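Residue strings, one per chain:
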Amino acid sequence: FGGGCPDGSDTYVRITKKNDGVEGGQDVVYTLSLEDNVGTTLTNETGSPIAVSVGFSGTGEESDVTGSFPTTVSVSSGSSEEDFSLDALDDGIYEGSETLTATITSGTYSIVAPGTATATITDAQSASVVSIDDASATEGGTISFTVSIDQPVEGDLVLDVSFGGGDATGSG
């Protein structure tokens, strides 16, 4: 079709999320597809791949995948769609779920609005657990507590600590 369909309608490129990812277990998969102005699937009959530029945004980062984010994705000649995937890397750090939005940034064809697809990468780790060991001291002495966390966290860990009362029983 080379820029348009035989009936004169425009060729559009759509990006969709095929599936979300899980760190170290399931890839994030997006689909790039071709259609006409009324949403009918088209086949690339140009004899060459149809390439579009893509960008990524969201709370997920390039360090959350194996390799790097693709900057160009193509629909092969003879195809109507092409999947591309990102291997969600298990980094061993609890970050919670993260989003990755793929956006078509340019190409020679019209873009089906909104031109974006958002996937979620589920963290392989569960939320961190913080524990404080029991401690004791003689009256008037210094008391020290040992604070532990069961796994690494991304960024700083800030804890709000409060003590009950003003004496050993917490009543004064």
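Up top you'll find the structure we're talking about.
Residues numbered from 1 in each chain as written. Predicted model: local features only at pLDDT ≥ 70, side-chain atom pairs only at ≥ 80, totals over all residues. Heavy atoms only, no water.

Participant: Just checking my understanding: could you explain the overall build of the protein for this structure?
Facilitator: Of the regular secondary structure elements, the protein holds zero helices and 11 strands. From first element to last, N terminus to C terminus, the protein shows the α and β order β-β-β-β-β-β-β-β-β-β-β. Counted over contacts in the protein with a minimum sequence separation of 6, partners at least 24 positions apart contribute 62%. (Helix = DSSP H or I, 4+ residues; strand = E, 2+ residues; numbered from the N terminus. Contact = heavy atoms within 4.5 Å.)

Participant: What should I look at first to understand the pattern of salt bridges in this one?
Facilitator: A side chain with one charge may pair with a side chain of the opposite charge, provided their charged atoms come close. Under the criterion given, the structure shown has three salt bridges. Note that Arg14 is salt-bridged to Glu35, the shortest N-O span being 2.9 Å. Note that Arg14 is positioned in strand E1 (residues 11-19) and Glu35 in strand E3 (residues 28-36), a separation of 21 residues in sequence. Of the residues examined, Arg14 reaches a relative accessible area of 29% and is grouped as partly exposed. Classification of Glu35 as buried rests on a relative accessible area of 10%. Lys18 serves as the salt-bridge partner of Asp83, at 2.6 Å between the closest nitrogen and oxygen. Within this pair, whereas Asp83 is found in strand E6 (residues 81-86), its partner Lys18 is found in strand E1, the two being separated by 65 residues in sequence. (Salt bridge = Lys/Arg side-chain N within 4 Å of Asp/Glu carboxyl O. Buried < 20%, exposed > 50% of the residue type's maximum accessible area, 1.4 Å probe, protein only.)

Participant: Honestly, the sheet that holds E3 in this entry has me stumped. Any pointers?
Facilitator: In a beta sheet, neighbouring strands pair by backbone hydrogen bonds and run either parallel or antiparallel. Read across the open sheet, the four strands follow the order E6-E3-E1-E8; overall the sheet is mixed. The outermost strands of the open sheet, each flanked by one partner alone, are E6 and strand E8 (110-111). (Pairing = 2+ DSSP bridges.)

Participant: What am I meant to see in the sheet that holds strand E2 (residues 21-22) here?
Facilitator: Across the sheet, which stays open at both edges, the five strands sit in the order E2-E9-E7-E4-E5 with mixed pairing between neighbours. With one partner strand each, in any of the chains shown, E2 and strand E5 (72-75) form the two edges of the open sheet. The pairing of strand E4 (residues 50-57) with strand E7 (residues 98-107) spans six bridges and is antiparallel. Across the sheet, residue Ser53 finds its bridge partner in E7, namely Ser106.

Participant: Help me understand the environment of Gly67, please; the structure alone is not making it clear to me.
Facilitator: By the element assignment, Gly67 lies in the loop between E4 and E5. Along the primary structure Gly67 and Leu86 are separated by 19 residues, whereas in three dimensions their C-alpha atoms are 8.4 Å apart.

Participant: Please explain the side chain of Ser33 as it appears in this structure.
Facilitator: Secondary-structure assignment places Ser33 in strand E3. Classification of Ser33 as buried rests on a relative accessible area of 12%. Setting aside residues up to four positions removed in sequence, Ser33 forms contacts with Tyr12, Val13, Arg14, Ser80 and Glu81.

Participant: Could you clarify how one ought to interpret the environment of Gly107 in this entry?
Facilitator: Along the chain, Gly107 falls in strand E7. Accessibility expressed as a relative area gives 41% for Gly107, which makes it partly exposed. Sequence separation between Gly107 and Ile50 is 57 residues; the distance between their C-alpha atoms is 8.5 Å. Setting aside chain neighbours within four positions, we find Gly107 in contact with Ala51 and Val52.

Note that all results are geometric; they support no functional claim without further evidence.
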